Amino acid sequence: QVQLVESGGGLVQAGGSLRLSCVASGSIFSINAMGWYRQAPGKERELVARITSDDSTNHADSVKGRFTISRGSAKNTVYLQMNSLKPEDTAVYYCNLLVPASNRLNVYWGQGTQVTVSS
């Protein structure tokens with residue numbers, strides 16, 4: 001089984017910073033990509049940032065220049081550094097893992113961590 005454990009969410013004032021962490025564990029032989037998604041009340045889940053096995057990254061336009069995704073030295077760990085936070089960044093943030101399996105990718109999700117930005 002594969003587990004994703006997130007940490008680092010919380011309440012912060014606008015303009016502040018938070019750092020989210022996600023550790024993947026279990027039967028993981030290789031990783032295609034890890035990423036962060038978020039879902040605000042009444043909205044669909046959206047991609048925030050993703051990092052691939054060769055350390056290529058992409059960030060949503062709404063967070064470019066403010067958020068940075070990175071991986072730890074242990075490749076099963078991913079971070080999201082969030083700076084200059086805005087009230088519209090308020091959401092539940094989910095860690096996402098893509099693992100190759102046969103001719104497909106298995107998708108795994110963390111339990112989510114709440115980020116609340118006050119104005």
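Read on for a plain summary of the structure.

Thresholds, definitions, all that
Residues numbered from 1 in each chain as written. Predicted model: local features only at pLDDT ≥ 70, side-chain atom pairs only at ≥ 80, totals over all residues. Heavy atoms only, no water. Phe/Tyr/Trp six-rings, centres within 6.5 Å; stacked < 30°, edge-to-face > 60°. Helix = DSSP H or I, 4+ residues; strand = E, 2+ residues; numbered from the N terminus. Lys NZ or Arg CZ within 6 Å of the ring centre and 35° of its normal. Disulfide = S-S within 2.5 Å. Buried < 20%, exposed > 50% of the residue type's maximum accessible area, 1.4 Å probe, protein only. Salt bridge = Lys/Arg side-chain N within 4 Å of Asp/Glu carboxyl O. Core = buried A, V, L, I, M, F, W, Y, C linked by side-chain atoms within 4.5 Å. Contact = heavy atoms within 4.5 Å. Pairing = 2+ DSSP bridges.

## A few points about the packing of aromatic side chains
Next up, step 1: Counting across every chain of the model gives one aromatic pair.
Next up, step 2: Ring geometry for Tyr37 and Trp109: centres 5.0 Å apart, planes at 70°, overall edge-to-face. Residue Tyr37 is located in strand S4 (residues 33–39), and its partner Trp109 is located in strand S10 (residues 104–109); the two are separated by 72 residues in the primary sequence.
Next up, step 3: One residue, Arg45, lies across the ring of Tyr94, its end atom 3.7 Å from the ring centre.

## Digging into unusual backbone geometry
Working note: non-glycine residues mostly have negative phi, and peptide bonds are mostly trans.
Next up, step 1: Located in the positive-phi region is Ser84, a residue other than glycine, with phi close to 50°.
Next up, step 2: Relative to the elements of secondary structure, Ser84 occurs in the loop between strand S8 (77–82) and strand S9 (91–101).
Next up, step 3: Even without being a glycine, Ser102 presents a positive backbone phi close to 55°.
Next up, step 4: Within the secondary structure layout, Ser102 lies in the loop between S9 and S10.

## Some words on the state of the cysteines
Next up, step 1: According to the stated counting rule, one finds one disulfide in the structure shown.
Next up, step 2: Disulfide partner of Cys22: Cys95, at an S-S distance of 2.1 Å. Because the torsion about its S-S bond is -85°, the bridge between Cys22 and Cys95 counts as left-handed. Of this pair, Cys22 sits in strand S3 (residues 18–26) while Cys95 sits in strand S9; the two residues are 73 residues apart in sequence, bridging distant segments of the chain.
Next up, step 3: Under the relative-accessibility criterion, Cys95 is labelled buried at 0%.

## Considerations on the pattern of salt bridges
Next up, step 1: Per the stated rule, a full pass over the model turns up five salt bridges.
Next up, step 2: Residue Asp61 is joined to Lys64 by a salt bridge in which the shortest nitrogen-to-oxygen separation is 3.1 Å. Across this residue pair, the class does not change: Asp61 and Lys64 are exposed.
Next up, step 3: Each of Arg38, Glu46, Arg66 and Asp89 takes part in one network of salt bridges that share partners.

## Focus: the nonpolar core
Next up, step 1: Grouped together as the largest cluster of nonpolar side chains are 28 residues, with contacts concentrated most on Trp36, Leu80, Met82 and Tyr93.
Next up, step 2: For this core, the secondary-structure elements that each account for two or more residues are strand S1 (2–7), S3, S4, strand S5 (46–52), strand S7 (67–71), S8, S9 and strand S11 (113–118).
Next up, step 3: Element by element, the count of residues in this core is highest for S9, at five residues.
Next up, step 4: Setting aside chain neighbours within four positions, we find Leu80 in contact with Leu18, Arg19, Leu20, Trp36, Val48, Ala49, Phe67, Thr68, Ile69 and Tyr93.

## A closer look at the side chain of His59
Next up, step 1: Following the sequence through the fold, His59 ends up in strand S6 (residues 57–59).
Next up, step 2: Apart from residues no more than four positions distant in its own chain, His59 is found in contact with Val48, Ala49, Lys64, Phe67, Thr68 and Ile69.

## A look at the pairing of S10
Next up, step 1: Note that S9 and S10 share six bridges and pair antiparallel. Looking at the pairing, Val99 lines up with Asn106 of S10.
Next up, step 2: Linkage of S9 to S10, two consecutive antiparallel strands, is achieved through a turn of two residues, within which Ser102 is found at a positive phi near 55°.

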